[in-house]
Amino acid sequence: MGGCEAVDFAGKPAWHGLGATVEKGMTSEDALRLAQLDWEVVQRPIFTMYTYGGDLDTVPGYMVNCRSDNGNSLGVVGGSNYEIMQNRDMFAMMDSLEKDGIVKYESAFSLRGGRRVCVLVRLPELPDIGTDERPDRLAQCLLWTTGHDGAKVMTITPTSLRVACANTLRIALSQEQSRALRIIHDRNANANVRIKAAVAAIEAAKSTFAGWTEQAWKVARTEIHEADRREIWWHAICGGITNNNELPANLPNRTRTRIENSLLAIASYWRYNDTAWSAFNAVTAWADHEGTWKSPEHRFLATQDGVRDQIKQRGWRKTLEVCSCPPFDAPAGWRGRAAHAPDLA
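This structure is a prediction, so every number in the text was calculated from the model and none was measured.

Attention now moves to helix α8 (residues 296-305). Counted residue by residue, α8 has seven buried out of ten residues, so it is predominantly covered. Among all positions of α8, only E297, R299, F300, L301, A302, T303 and Q304 are buried.

We now examine the nonpolar core. Soluble globular proteins: nonpolar side chains tend toward being buried together. Core analysis: the biggest nonpolar cluster contains 66 residues, and V119, L142, W144, W233 and W277 have the highest contact counts within it. Among the elements that make up this core, the one with the highest residue count is helix α4 (residues 191-220) (nine residues). With sequence-adjacent residues up to four places away left out, W277 is seen in contact with I129, D136, L138, R162, W212, A216, V219, A220 and W316. In terms of nonpolar packing, the next biggest core, distinct from the first, is built from ten residues, L111, C118, L120 and F300 among them.

To continue, consider the side chain of T159. Its location among the elements puts T159 in strand β9 (residues 154-162). Residue T159 is classed as buried on the basis of its relative accessible area of 3%. In contact with T159, other than residues within four places in its own chain, are A139, Q140, C141, T168, L169, R170, I171, F209 and Q304.

Bringing the pairing of strand β3 (residues 41-49) into the picture now. One ladder, built from eight bridges, connects β3 with strand β4 (residues 56-67); its direction is antiparallel. Across the sheet, the residue bridging to R44 is V64, located in β4. Remark: six residues form the turn of the hairpin made by β3 and β4, two consecutive strands paired antiparallel; G53 in that turn has positive phi of roughly 85 degrees.

The next point concerns the pattern of salt bridges. Within this structure, the stated rule accounts for eight salt bridges. We note a salt bridge from E203 to K206, for which the minimum N-O separation is 3.6 Å. Of this pair, E203 and K206 both sit in helix α4, three residues apart, which is roughly one turn of that helix. A salt bridge links R230 to E226; the nearest nitrogen and oxygen atoms lie 3.0 Å apart. Remark: E226 and R230 occur in helix α5 (residues 226-238); sequence separation between them is four residues, near one turn of the helix.

Two numbers describe a pair of aromatic rings. These are the distance of the centres and the angle of the planes. Applying the stated rule across the entire model yields five aromatic pairs. Ring plane angle 65 degrees and centroid distance 6.5 Å describe the contact between W233 and W270, whose orientation is recorded as edge-to-face. One end of the pair, W233, is in helix α5; the other, W270, is in the loop between α6 (253-269) and α7 (276-289), and 37 residues separate them in sequence. Using a relative accessible area of 2% as the deciding quantity, one classes W233 as buried. Residue classification places W270 among the buried positions, given a relative accessible area of 13%. Here a set of aromatic residues connected by ring pairs shows up, and it is made of W212, W277, F280 and W316. Note that R221 overlies the ring of W217, its terminal NZ or CZ placed 3.5 Å from the centroid. A cation sits over an aromatic face here: R229 above W270, 3.7 Å from the ring centre.

Residues with a pLDDT of 70 or more make up 76% of the protein chain, whose mean pLDDT is 77. Within the protein chain, the element-level pLDDT minimum falls on helix α10 (residues 334-339), averaging 30, and the maximum on α5, averaging 93. This stretch, residues 325-345, has a pLDDT under 50; its non-local contacts, to residues over four places away or in other chains, come to 28 contacts.

In an α-helix there are 3.6 residues to a turn, and that puts residues three or four apart on one side. Helix length check: α7 (14 residues) gives 20 Å between terminal C-alpha atoms against 20 Å at 1.5 Å per residue, within 8%. Judged by how many residues are buried, α7 sits mostly within the fold: 13 of 14 residues are covered. Among the residues trailing α7, G291 stands out with phi positive, at a value near 120 degrees.

Moving on to the sheet that holds β3. With antiparallel pairing, the three strands of this open sheet are ordered in space as β3-β4-β5. Bordering the open sheet on either side are β3 and β5 (73-78), each of which pairs with just one other strand. Going from strand to strand, the sheet's axes swing by 40 degrees on average, the running direction of each strand aside. Relative to β5, β4 is paired through five bridges, and the arrangement is antiparallel. From the neighbouring strand, C66 faces β5, where its bridge partner is S73.

Contact geometry of α8 with helix α9 (residues 307-323) gives a least axis separation of 4 Å together with a crossing angle of 30 degrees. When the axis of α8 is compared with that of α9, the two are roughly parallel. Crossing of α8 against α9: the hand is right-handed. The residues of α9 that touch α8, namely those facing A302, T303, Q304 and D305, are V307, R308, D309 and K312. By residue class, the composition of the contact of α8 with α9 is two nonpolar, two polar and four charged.

The rules we used
- Residues numbered from 1 in each chain as written.
- Predicted model: local features only at pLDDT ≥ 70, side-chain atom pairs only at ≥ 80, totals over all residues.
- Heavy atoms only, no water.
- Buried < 20%, exposed > 50% of the residue type's maximum accessible area, 1.4 Å probe, protein only.
- Helix = DSSP H or I, 4+ residues; strand = E, 2+ residues; numbered from the N terminus.
- Core = buried A, V, L, I, M, F, W, Y, C linked by side-chain atoms within 4.5 Å.
- Contact = heavy atoms within 4.5 Å.
- Pairing = 2+ DSSP bridges.
- Salt bridge = Lys/Arg side-chain N within 4 Å of Asp/Glu carboxyl O.
- Phe/Tyr/Trp six-rings, centres within 6.5 Å; stacked < 30°, edge-to-face > 60°.
- Lys NZ or Arg CZ within 6 Å of the ring centre and 35° of its normal.
- pLDDT = per-residue confidence, 0-100.
- Expected span 1.5 Å × (residues − 1).
- Axes fitted to C-alpha atoms, helices over the stretch in contact; angles between N-to-C directions.
- Parallel < 35°, antiparallel > 145°, perpendicular 65-115°, else oblique.
- Left-handed = near helix turned anticlockwise from the far one by under 90°.
- Nonpolar A, V, L, I, M, F, W, Y, C, P; charged D, E, K, R; others polar.

Here you go:
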């Protein structure tokens, strides 16, 4: 896996553990330099050789993206409409959105040697999810990712961040929602077109957050029994192996032991609260913080786009399923509470 360069904007280390902390108020040029993203993507032709030592033929319609600072290859791209989204272009678009008060910079970093460049921003905070006695503050974040490897368009991933303990959950999107949160690398799109597309995508993300908040509010106010709690944990860990409550008989002992240890570890993160929200957050706490990682980059990829993310998604689906069993009547006015939160209307 390639290297990772990063910088934090918010004055304290970001939850993903990537990068160094800097002061607020930096310019995008400063951020690019400190995050080691101040390089350009340049394109080189691709050649083939039919026989060893023979003539080189150019491959038509395809180029290889390379870093200008070290020449490393980022990926093969093609297509008449493909346009390079330079790191500076991405930051310039973010500068415009931040200036208008639409987003707030959180951090920036690259993954896999620059093949993926990410900017994490915050939107105005979600309403508290917990009870009045035990409020649970969440931050709504958007992870903007663009790819220089030709395999990824610019995408916006809504991610909730539990402020107290830095647990995260990527908000699962429908196919329609996913399309709304993509910005194609199109040479026909100028800066203004891209900014308009970004604003439209942010509005779609806010709508997604609003729907998710409604689900989370219900989960936080649904009390469950121990059997339900353990079912959530079991499905999160074992849902990719079995659809019932028993492990396959031919499962290797080493795998079986690892599963049992994982379930015990999740239980250790449970905070003795009988709500489904507490049970689910034991899963996210374990997934985000338990384990030995090769690097902060490896941890980020696993928890946001890999195996640990899949565990969290299975746990959330089972939590919603458990909470739909008992009838739930939201108290009068709770929808108004969400609607009147900043920028959630």
